Amino acid sequence: MITPGAAAAAAAAHDATALMPAWQPPPAAPAAPPGTPVIGGPTRPLPGVGGAGPQGELTIESGPDAGHTHRAGDAALRLGRSPDNDLILRDPATSGHHARVERRGVAFWIVDLGSTNGTLVNGEPIQEKELNHGDRITIGQNAVHFSVLGG
């Protein structure tokens, strides 16, 4: 026979180990007014992509976010899991604020922002590195191809 105290303890233990709900993507942003250019794919529009000089293109080739393409221009492009990033990566192996791609003159650089699992360029761990056309960037489980467009 189960005593009332044992039943209450069992109920408290059940509540303490209840499952967390599965991660859900954030709700879609409201539609932009007609005529507003939308840049940056499925995450959110990226500010300052135009301007003089080349643009960088990041194409996620494999991993949880495969198939998405993002552009970098005058403004730095911050990558990570947190919703305040320019490029949001839905990958538990990616830090909240993982890395930043920025243009310095006509060159693009990637900077690791102290991520837990690091940032790789062509298989080598980096803290900061100039990117070249065709470089492969690894962030968490995402493999990203970097391209330079125009100039």
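Our subject is the structure that appears above.
The paragraphs below set out a description of the structure included in this document. (Residues numbered from 1 in each chain as written. Predicted model: local features only at pLDDT ≥ 70, side-chain atom pairs only at ≥ 80, totals over all residues. Heavy atoms only, no water.)

## Points about the side chain of T94
Now for step 1: Among the secondary structure elements, T94 is positioned in the loop between β4 (87-88) and β5 (99-104).
Now for step 2: T94 gets classed as buried once you look at its relative accessible area, which sits at 1%.
Now for step 3: A polar contact is formed between the side chain of T94 and the side chain of D91, at a distance of 3.0 Å.
Now for step 4: When residues no more than four places from it in sequence are discounted, the contact partners of T94 are G80, R81, L89, I139, G140 and N142. (Helix = DSSP H or I, 4+ residues; strand = E, 2+ residues; numbered from the N terminus. Buried < 20%, exposed > 50% of the residue type's maximum accessible area, 1.4 Å probe, protein only. Polar contact = N/O pair within 3.5 Å; in protein donor to acceptor, adjacent residues only side chain to side chain. Contact = heavy atoms within 4.5 Å.)

## A closer look at the sheet that holds strand β11 (residues 142-149)
Now for step 1: Spatially, six strands are ordered β2-β1-β11-β10-β7-β8 in an open sheet, and the strand pairing comes out antiparallel. At either margin of the open sheet sits one strand with a lone partner, and together these are β2 (69-72) and β8 (124-126). Here the average twist between neighbouring strands, direction ignored, is 30 degrees.
Now for step 2: Note: strand β10 (residues 136-139) against β11, four bridges, orientation antiparallel. Directly across from I137, in β11, lies its bridge partner V144. (Pairing = 2+ DSSP bridges. Axes fitted to C-alpha atoms, helices over the stretch in contact; angles between N-to-C directions.)

## Describing the pairing of strand β3 (residues 77-80)
Now for step 1: Bridging between β3 and β5 involves three bridges; their strand directions are antiparallel. Residue pairing across strands places L77 opposite V101, the latter belonging to β5.
Now for step 2: The pairing of β3 with β4 spans two bridges and is classified as parallel. Paired with L79 across the strands is L87, a residue of β4.

## A word on the environment of G67
Now for step 1: Residue placement: G67 occurs in the loop between β1 (55-62) and β2.
Now for step 2: Residue G67 is classed as exposed on the basis of its relative accessible area, which comes to 62%.
Now for step 3: Sequence separation of G67 and V144 is 77 residues, and the distance between their C-alpha atoms is 9.9 Å.

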